[in-house]
Amino acid sequence: MRAAAADRGRAAPTAAGLLAALAAAEQQAGAGRARVGLCVLCGLPAAGKSTLARALRRRLPQHPDWACALLAYDELIPPEAFRPREPEAGPAAPSPLLPRWKRSRRELLQCLERFLRALVTGGPLSAPATATQPAWERFLACCRGQGLLSSAESHAGAGPYWTHAAASRPLYLILDDNFYYQSMRYEVYQLARKYSLSFCQLFLECPLECCLQRNRLRSHPLPDQTIYLMARKIEMPDLKKNAWEQNSLVLKSFDCTSEDNEQIISLLATALENPVKQNEENTEQKEADRATCAASTVHQADQTCRRIISQTMKDAKDKNVLPGEMKSLSEELNKLKAEFLEDLRQGNNLKNQICIQSQYFDPATSVISSFQHKATNVVNKYILK
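What you are looking at is a predicted structure, and each value in this text was computed from that prediction instead of being measured.

**Thoughts on the pairing of strand 4 (residues 171–176)**
Successive residues of a regular strand alternate their side chains across the two faces of the sheet.
Logical step 1: Of all six residues making up strand 4, six are buried, and the element is well covered by its neighbours.
Logical step 2: Alternating positions in strand 4 separate into two faces, Leu 171, Leu 173 and Leu 175 on one and Tyr 172, Ile 174 and Asp 176 on the other, with burial throughout.
Logical step 3: As defined by bridge partners, strand 2 (residues 36–43) adjoins strand 4 across six bridges and the pair is classed as parallel. Residue pairing for strand 4: Gly 37 is matched across the bridge by Tyr 172.
Logical step 4: Pairing analysis gives six bridges linking strand 3 (residues 67–72) to strand 4, with the strands arranged parallel. From the neighbouring strand, Leu 71 faces strand 4, where its bridge partner is Leu 175.

**Digging into the pattern of salt bridges**
Logical step 1: Here the structure, examined in full by the defined rule, presents nine salt bridges.
Logical step 2: Across the salt bridge formed by Glu 245 and Arg 185, the nearest N and O atoms sit 2.9 Å from each other. In this pair, Glu 245 is assigned in the loop between helix 9 (224–233) and strand 6 (248–251) and Arg 185 in helix 7 (residues 182–194), connecting sequence segments 60 residues apart.
Logical step 3: Taking relative accessible area as the criterion, Glu 245 reaches 0% and is therefore assigned buried.

**Section: the packing of helix 8 (residues 208–216) against helix 9**
Logical step 1: Running from N to C, helix 8 and helix 9 point in directions that differ by 150°, and their axes come no closer than 10 Å. With respect to each other, helix 8 and helix 9 are oriented roughly antiparallel. In the packing of helix 8 onto helix 9, the handedness of the crossing is right-handed. Residues Leu 208, Glu 209, Leu 212, Asn 215 and Arg 216 of helix 8 pack against Asp 224, Ile 227, Tyr 228 and Ala 231 of helix 9.

**Focus: the packing of helix 4 (residues 100–121) against helix 5 (residues 133–145)**
Logical step 1: Across the interface, helix 4 lies against helix 5 with an axial gap of 10 Å and an inter-helix angle of 50°. Between helix 4 and helix 5, the crossing angle belongs to the class labelled oblique. Here the hand of the crossing between helix 4 and helix 5 comes out right-handed. Across the interface between the two elements, Glu 107, Leu 108, Cys 111, Leu 112, Arg 114 and Phe 115 from helix 4 touch Ala 135, Trp 136, Phe 139 and Cys 143 from helix 5.
Logical step 2: Each residue belonging to the contact of helix 4 with helix 5 can be placed in one class, and the counts come to eight nonpolar, no polar and two charged.

**Quick notes on the packing of aromatic side chains**
Logical step 1: Scanning the entire structure with this criterion turns up eleven aromatic pairs.
Logical step 2: Ring centres of Trp 136 and Phe 139 lie 6.0 Å apart, and the angle between their planes is 10°; on these two criteria the pair is classed as stacked. Of this pair, Trp 136 and Phe 139 are both found in helix 5, three residues apart, which corresponds to roughly one turn of the helix. Note on accessibility: Trp 136 and Phe 139 belong to one class, buried.
Logical step 3: Here the aromatic rings of Phe 340 and Phe 371 are separated by 5.5 Å at their centres, their planes lie at 80°, and the arrangement is edge-to-face. Of the two residues, Phe 340 sits in helix 12 (residues 323–346) while Phe 371 sits in helix 14 (residues 363–383), which places them 31 residues apart along the sequence. Pair check on accessibility: Phe 340 and Phe 371 agree, each one buried.
Logical step 4: Taken together, the ring pairs connect Tyr 186, Tyr 189, Phe 199 and Trp 244 into an aromatic cluster.
Logical step 5: Here Arg 105 stacks its cationic end above the ring of Phe 179, 5.3 Å away from the centre of that ring.

**Remarks on helix 12**
Logical step 1: With 24 residues, helix 12 ought to run about 34 Å at 1.5 Å a step, and its terminal C-alpha atoms sit 35 Å apart, in line with that.
Logical step 2: Residues Met 326, Leu 329, Leu 333, Leu 336, Lys 337, Phe 340, Leu 341 and Leu 344 constitute the buried set of helix 12.

**Considering the pairing of strand 5 (residues 198–204)**
Logical step 1: The buried fraction of strand 5 is high, at seven of seven residues.
Logical step 2: Pairing of strand 2 with strand 5, which is carried by seven bridges, proceeds in the parallel orientation. Of the residues in strand 5, the one forming a bridge with Leu 41 is Leu 202.
Logical step 3: Two strands pair when backbone bridges link them, and strand 5 and strand 6 are joined in this way by four bridges, in the parallel orientation. From the neighbouring strand, Leu 202 faces strand 6, where its bridge partner is Leu 249.

**Considering the nonpolar core**
Logical step 1: Phe 115, Leu 116, Phe 139, Tyr 172, Leu 173, Leu 202 and Leu 268 are the most contacted members of the largest nonpolar core, which totals 77 residues.
Logical step 2: The element contributing the most residues to this core is helix 4, with nine residues.
Logical step 3: With 21 residues, the next largest nonpolar core counts Phe 340, Ile 368, Val 379 and Tyr 382 among its residues.

**Observations concerning the state of the cysteines**
Logical step 1: Under the criterion given, the structure shown has zero disulfides.
Logical step 2: Considering cysteine sulfurs only, Cys 39 is the nearest to Cys 200, which forms no disulfide, with 3.8 Å between them.
Logical step 3: With no disulfide of its own, Cys 206 lies 3.7 Å from the sulfur of Cys 210, the closest cysteine sulfur.

What counts and what doesn't
One numbering rule holds for all chains: residues counted from 1, following each sequence as written. Under the rules for a predicted model, residues below a pLDDT of 70 receive no local features and side-chain atom pairs below 80 are neither given nor counted, while totals for whole chains, interfaces and linings still include all residues. To obtain the side-chain values, all non-hydrogen atoms of the structure were included, while hydrogens and water were left out. Think of it in three bands: with a 1.4 Å probe and only protein chains considered, a residue is buried below 20% of the maximum accessible area for its type, exposed above 50%, and partly exposed in between. Numbered from the N terminus, helices here are DSSP runs of H or I no shorter than four residues, and strands are runs of E no shorter than two. For two strands to pair, DSSP has to find at least two bridges joining them. Salt bridge criterion: a side-chain nitrogen from Lys or Arg within 4 Å of a carboxyl oxygen from Asp or Glu. Axis definition: a line fit to C-alpha positions, over the contact stretch in the case of helices; interaxial angles, taken between N-to-C directions, run 0 to 180 degrees. Just so you know how the angles are binned, under 35 degrees is roughly parallel, over 145 roughly antiparallel, 65 to 115 roughly perpendicular, and the rest oblique. Handedness of each helix crossing follows the sense of rotation of the near helix against the far helix: counterclockwise by less than a right angle gives left-handed, clockwise gives right-handed. Residues count as neighbours in contact if any of their non-hydrogen atoms are within 4.5 Å of one another. Under the grouping applied here, Gly and all other residues not named as nonpolar or charged are polar, the nonpolar ones being Ala, Val, Leu, Ile, Met, Phe, Trp, Tyr, Cys and Pro and the charged ones Asp, Glu, Lys and Arg. Stacked, edge-to-face and tilted are the three classes for Phe, Tyr and Trp ring pairs, Trp counted by its six-membered ring, which pair at centre distances within 6.5 Å; planes under 30 degrees apart are stacked, over 60 edge-to-face, the rest tilted. The rule is short: NZ of Lys or CZ of Arg within 6 Å of the ring centre and within 35 degrees of the ring normal puts a charge over the ring. For a helix, the expected span equals 1.5 Å multiplied by the number of residues minus one. Only buried Ala, Val, Leu, Ile, Met, Phe, Trp, Tyr and Cys residues count toward a nonpolar core, and they belong to the same one when joined by side-chain atoms within 4.5 Å. Our working definition of a disulfide is a cysteine sulfur pair at a distance within 2.5 Å.

This is the structure we're talking about:
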């Protein structure tokens with residue numbers, strides 16, 4: 001496998017440089033404060049993330065003598081979180097603000113923060129107030145199973161029962177998930193910044209067809225359509241745009257060669273000796289806020305365009321457009337919607353305005369107005385025949 005640093009200008013590590021980096025990282029241990037690194041694995045399903053995660057879990061405790069634990073999201077988030085929500089008390093029942101899988105991800109992040117805070121500060125280890133008990137129990141069981149907590153679990157107000165492995169050596173937590181949006185990875189970076197921890201990313205780049213073939217061989221494969229959709233949405237590390245993604249490595253497959261192993265260990269060592277500073281300039285926050293705002297705008301536009309298409313189709317049916325033409329009309333309108341949303345995501349004309357807080361400008365409204373005008377032109381072709 002060949003590996004490429006996300007920053008193409010980064011010099012390849014030498015053996016001497018690697019040893020020096022490791023030595024420097026080890027020399028910084030000992031101020032009485034736990035040294036923790038967060039390593040995010042990201043990529044399409046079946047790209048080889050779990051295989052790499054398990055390899056790191058085996059290797060890091062041997063050389064360079066770091067403790068290592070694996071947080072596999074597939075194991076920590078229950079499968080039912082991804083199933084369609086069943087109807088409850090009827091149409092009047094309030095729908096949750098977030099889908100179950102998003103709530104489960106948020107709970108897992110809250111559990112991770114409680115763990116990190118207790119480890120770094122030496123304070124009590126207690127469940128987050130907003131996480132469910134099953135989520136917390138799954139997280140504790142994962143930590144105990146990997147030798148971070150003793151079997152005598154912590155009680156409220158008591159100090160955590162850290163094992164020697166968790167407290168005596170630098171600890172790397174490998175987070176194994178798709179993390180296909182930069183915003184998902186940024187949430188982990190924010191934890192690193194909040195507690196002055198190390199942060200790095202390993203992005204596994206694998207051809208879509210290869211991922212599809214591997215996925216089909218699994219005992220519980222995902223639908224092909226899920227992977228196709230994720231492939232269209234996935235966001236690779238972007239060092240030019242996001243300074244917080246500086247410590248990133250793009251790997252072309254999962255069969256690590258010795259050269260790739262050196263690059264991975266060098267990345268981990270570099271991140272470990274350069275933890276994120278709490279008072280770092282907040283350009284990353286501004287970028288993340290802008291991205292969040294843009295995503296929200298696209299979501300609003302998508303929902304409104306769907307309603308416009310639904311109403312337009314109803315109007316066309318009321319005006320006796322033929323069934324065969326209705327299908328063509330639907331295809332044209334949905335193609336038009338896809339083009340408009342892509343323009344909203346990528347359009348340079350909105351990048352500098354998309355988060356302007358003004359009662360006189362709303363980018364989503366502007367785009368929707370244009371979409372409605374073009375949708376009217378499309379339907380008129382069928383009505384005015």
